[in-house]
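Letter by letter, the chains look like this.
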Amino acid sequence: MRQLFALECRQIFTSIIYWLFIAALIAVFWLNYGNIEQEEIRDASQPTSLFYSPQGNVFAPEQKGLSDEGQQKKMMLGLTKKLLYCYRKNSYEYYPFGYIKEKSFAEAEQKTVLNYLQEITNWKEEKIRENKTASSSNSEEIEISGGGAYVAEPGTGKINEDGQYVFSPNEWKYVDEPTASSNDTEKSDDITMHVSFTRFKEIMEKVSDMIGKNSYFSWPLINLYYGVNDMDTSPVTRRQHEEFFSKDKITGAFARYYCDSISLAILLLPAFVVMAMIIKDKRHNVMDLAYTKNISSCQYIFIRYLAYVFMMLIPILLLPLKSFIILAKYAYNTGNPIDILAFPKYIMGWILPTLLFVTALGMLLAVITRSYLSVLIMGIFWILCRPSVGKIMGGNYETFDFVIRHNTLKGYGRMMQEIPMLVLNRTVIATASLLIILFTAWIYQRKRKGGLKINVPEFIHPYKREW
């Protein structure tokens, strides 16, 4: 058993596809995680950094979210400005597969949006159509105590992998009294809401349905941008500061962010390693030779399964090592406590169940088809099972989510509130993996005895082959 496990690990290690898997994983890690720990430490003097400790221990006030009437008005005003901007450009953003797309409306649809804007603002058509510089839709202003604000000017920020428009801490500028800026363009128009909050939500839902899945005006994204979700780059509150240093012990926040950064890659990449290895075995008749070995089908499948998981888990565990060393050095120099096991704990509880499931499903498809049809099926699975954009903030888990998202260094409290569902989800996914691999062993046993024949279309050859 040990010899077979070692042999399988050695074969995986010498496979080109395995090293391509590692290269792809490193690329995803670098693009999504990069040097975020160094950036946060470097910006420790900025109020938006989690490492920030203000003089006098005075932090930014806690946001109240959309349950607060003032926040509701702010949201309505912001979305109205955005809708005006989109209408005048005839360009509406949405995220059908998690990446930003733009749609232009036909004349009838534009007329519908115009009617909604007239209802909301009570403006005349000429005023709505007036082609002003609506740059306010691309800028943000975060108010803080003392009358000042952190302002990000148009032209700053960037689009991340999930289509969000985000700003780095050094792109915020503090002003004591926000004066003439891009916002003045619309302020001079004196926008006043002429609909209730409930009616405004109904209008936004109808506009969102016209645009498409996960539009900027859909409720999940509205809540993402304006609700209490820890996703923004506003100044750190006392609660966030205490959670980061006392409960996350610094490394916990980065471990969550690391798992989120590679989660979508783990939903697909492991299957390619599995399927490539099994299809390679087919070409060299390894599977046929295995049928004659004096080892049970269940043992053979489980050993291969464990070897795949073990070999792919190694680079996942090693990737954040540099980040941990940097954070540990910071904690040592500042005298702050650190959770030395944060990265492995989050990886084993957060990423491992997804790795187990994708590997098991990849083995099942490869054993059944023994063709590149399994690659196509896994591609479709990845597209259909990616979490919605509204779940990237974390704390929004469902029982059968294959991927858990938490695209922020903040949000420890929100995660802990939903920890029972999170544990249930990861348990269900891990259990489903075991059931799939048992079914795979049964399929393999039937094939081994010649009792199961499946016709699989070959995409490379124009004829069917029977297995």
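This one's a predicted model, so the numbers in the text were calculated from it and none came from an experiment.

Enquirer: It is not clear to me how the environment of Phe51 should be interpreted in this structure. Could you clarify?
Expert: Residue position: Phe51 is located in the loop between α3 (36–42) and α4 (69–89). For Phe51, a relative accessible area of 3% corresponds to the buried category. Expressed as a C-alpha distance, the spacing of Phe51 and Ile250, which sit 199 residues apart in the sequence, is 8.8 Å. Setting aside its immediate chain neighbours within four residues, Phe51 contacts Glu40, Ile41, Ala44, Phe244, Phe245, Ile250, Phe254, Leu327 and Tyr330.

Enquirer: Explanation requested: the pattern of salt bridges in the structure shown.
Expert: Any two side chains of opposite charge can pair, so long as their charged atoms come close to each other. All chains considered together, the criterion is met by 11 salt bridges. Where Arg129 meets Glu125, a salt bridge forms, and the shortest distance between an N and an O atom there is 2.7 Å. Of this pair, Arg129 and Glu125 both sit in helix α6 (residues 125–129), 4 residues apart, roughly one helical turn. Arg256 is the partner of Asp248 in a salt bridge, and the nearest nitrogen-oxygen pair spans 2.8 Å.

Enquirer: What is the right way to read the packing of aromatic side chains from this model?
Expert: Note on aromatic pairs: each is described by the distance of the centres and the angle between the planes. All told, the structure shown has 23 aromatic pairs when counted by the stated rule. Taken together, a centroid distance of 6.4 Å and an interplanar angle of 25° make the contact between Tyr18 and Phe21 stacked. Of the two residues, Tyr18 and Phe21 both sit in helix α2 (residues 16–32), 3 residues apart, roughly one turn of that helix. When sorted by exposure, Tyr18 lands in the same class as Phe21, which is buried. Each ring, one from Phe439 and one from Trp442, has its centre 5.8 Å from the other, and the planes form 15°; the classification is stacked. Note that Phe439 and Trp442 are positioned in helix α19 (residues 419–448) at a spacing of 3 residues, about one turn of the helix. Note on Trp442: relative accessible area 43%, which makes it partly exposed. One aromatic cluster is present, formed by Phe29, Tyr33, Tyr257, Tyr258 and Phe343 through successive ring pairs. Looking at Lys82, its charged tip hangs above the ring of Tyr216, at a distance of 5.0 Å from the centre. The ring of Trp123 has Lys127 lying over it, and the distance from NZ or CZ to the ring centre is 4.5 Å.

Enquirer: Got a minute to help me understand a nonpolar patch on the surface in this structure?
Expert: A cluster of nonpolar side chains, namely Phe310, Ile314, Leu318, Leu321 and Ile325, defines an oily patch on the protein surface of about 460 Å² accessible area. Elements with a contribution of two residues or more to the nonpolar patch: α14 (297–318) and α15 (321–334). Examining the composition of the nonpolar patch, we find that 3 residues originate from one element, α14, more than from any other. For Leu321, the position within the fold is in helix α15.

Enquirer: Could you clarify how one ought to interpret the side chain of Thr359 in this entry?
Expert: Residue position: Thr359 is located in helix α16 (residues 342–369). Once residues lying within four places of it in the same chain are set aside, the contact partners of Thr359 are Pro270, Val274, Tyr305, Tyr308, Val309 and Met312.

Enquirer: It is not clear to me how the nonpolar core should be interpreted in this structure. Could you clarify?
Expert: Among soluble globular proteins, nonpolar side chains are generally buried collectively. Formed by 85 residues in total, the largest nonpolar core has its most connected members in Ile250, Phe254, Tyr258, Ile316, Trp350 and Met378. Counting residues per element, this core draws most heavily on α16, which supplies 17 residues. In this view, Ile316 contacts Leu25, Tyr258, Ile262, Ile266, Ile347, Ile351 and Leu355; residues no more than four positions away in its chain are not counted. Within the second largest apolar cluster, 29 residues are counted, among which are Leu117, Trp123, Ile211 and Phe217.

Parameters at a glance
- Residues numbered from 1 in each chain as written.
- Predicted model: local features only at pLDDT ≥ 70, side-chain atom pairs only at ≥ 80, totals over all residues.
- Heavy atoms only, no water.
- Helix = DSSP H or I, 4+ residues; strand = E, 2+ residues; numbered from the N terminus.
- Buried < 20%, exposed > 50% of the residue type's maximum accessible area, 1.4 Å probe, protein only.
- Contact = heavy atoms within 4.5 Å.
- Salt bridge = Lys/Arg side-chain N within 4 Å of Asp/Glu carboxyl O.
- Phe/Tyr/Trp six-rings, centres within 6.5 Å; stacked < 30°, edge-to-face > 60°.
- Lys NZ or Arg CZ within 6 Å of the ring centre and 35° of its normal.
- Patch = residues over 30% accessible without salt bridge, like charges linked within 9 Å, V, L, I, M, F, W, Y side chains within 5 Å.
- Areas by Shrake-Rupley, 256 points an atom, 1.4 Å probe, with all protein chains shown as cover.
- Core = buried A, V, L, I, M, F, W, Y, C linked by side-chain atoms within 4.5 Å.

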